[in-house]
Amino acid sequence: MLEKEIQGFIEKLRTRREFLKISGKGITTMAVTASVLNLLGCGKSGEGSDTPATVTVTPKGILIAQRNRCVGCQKCEMVCSIKNNGKASSYISRIKVARNYNYGLTMAADYATGEGDYGNFLMTQDACRQCKDPQCMAQCPAKAIAYSETTGTWTVDTEKCIGCRTCEHACPWNMPTVDPETEKSGKCILCGTCAEHCPTGALQMMPWKEVTVRLEKKGYKLS
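In what follows, the accompanying structure is described. (Residues numbered from 1 in each chain as written. Predicted model: local features only at pLDDT ≥ 70, side-chain atom pairs only at ≥ 80, totals over all residues. Heavy atoms only, no water.)

Here the focus is a nonpolar patch on the surface. On the surface, Met107, Tyr111 and Tyr118 cluster together to form a nonpolar patch covering roughly 340 Å² of accessible area. Along the chain, Met107 falls in the loop between α3 (75-85) and α4 (135-139). (Patch = residues over 30% accessible without salt bridge, like charges linked within 9 Å, V, L, I, M, F, W, Y side chains within 5 Å. Areas by Shrake-Rupley, 256 points an atom, 1.4 Å probe, with all protein chains shown as cover. Salt bridge = Lys/Arg side-chain N within 4 Å of Asp/Glu carboxyl O. Helix = DSSP H or I, 4+ residues; strand = E, 2+ residues; numbered from the N terminus.)

In this section: the pairing of strand β5 (residues 153-156). Look at any regular strand and the pattern is simple: side chains alternate between the two faces of the sheet. Strand direction decides the pairing type here: strand β4 (residues 145-148) and β5, joined by four bridges, are antiparallel. For Ile145, the partnering residue across the bridge sits in β5 and is Val156. Following β4, the chain reverses through four residues before pairing antiparallel with β5; Gly152 in that reversal takes a positive phi of roughly 75°. (Pairing = 2+ DSSP bridges.)

This part takes up the packing of aromatic side chains. Under the criterion given, the structure shown has four aromatic pairs. Consider the rings of Tyr103 and Tyr118, whose centres lie 5.2 Å apart with planes at 85°: the pair is edge-to-face. Residue Tyr103 is located in the loop between α3 and α4, and its partner Tyr118 is located in the loop between α3 and α4; the two are separated by 15 residues in the primary sequence. Given the relative accessible area of 44%, Tyr118 is considered partly exposed. Of the aromatic side chains, those joined through ring pairs into one cluster are Tyr103, Tyr111 and Tyr118. Over the aromatic face of Trp208 sits the side chain of Arg17, whose NZ or CZ is 4.7 Å from the ring centroid. (Phe/Tyr/Trp six-rings, centres within 6.5 Å; stacked < 30°, edge-to-face > 60°. Buried < 20%, exposed > 50% of the residue type's maximum accessible area, 1.4 Å probe, protein only. Lys NZ or Arg CZ within 6 Å of the ring centre and 35° of its normal.)

Let us now look at the side chain of Ser89. Relative to the helices and strands, Ser89 resides in the loop between α3 and α4. For Ser89, a relative accessible area of 19% puts it in the buried group. For Ser89, the contacting residues outside a window of four places in its chain are Glu77, Met78 and Ser81. (Contact = heavy atoms within 4.5 Å.)

Spatially, β1-β2-β3-β8 is the arrangement adopted by the four strands of the open sheet, whose pairing is antiparallel. Among the strands making up the open sheet, the edge pair consists of β1 (28-32) and β8 (203-207). Geometrically, the sheet is characterised by an average inter-axis angle of 20° between neighbouring strands, direction not taken into account. Here strand β3 (residues 61-66) runs beside β8; their pairing, made up of five bridges, is antiparallel. (Axes fitted to C-alpha atoms, helices over the stretch in contact; angles between N-to-C directions.)

Printed below as a string of structure tokens:
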């Protein structure tokens, strides 16, 4: 079962990486277990197979998010907004933790058994899904959101942005955020600053070269 699971993960990694090379678009996220985290050298001894973690496949590599490692310190939000907006602000950060802090993504009827600080203390690090057909881009009246070959992400052109908040409402996850001071929208461009400064390793950016090396150490090949 373990070998089948690992082979399945590597195959998904391989096919999605190849798809990105061809299309250049459509970053994908998949849930992974402790076995896969251990394969990538990110797991801890004793962690169960129900470890809530995801791997997001990007043009540069993979972004690993382990919710059970997140302590809700919101440092990722601070460094993100300083890097991309020049000021510390949870509200305009491209990665979202603060707004999910108390109750998780959605408030459960019995919140004491749900996620977040008022429930099971499980934090949620939420960020742009880089959709294949993003509604933020499709519905932007100023055509201010376009695919960037440089970053491999859907990116806001602040020169064109008129701050109308259409992108905020169009996104099913409300990921783009208009800065109330500058009236310009912003969204994740996978700069990796949040992962670079995460004190607990809850967020990790792993370049493709490193992914390949780690897999080869365990006797597997990515391509």
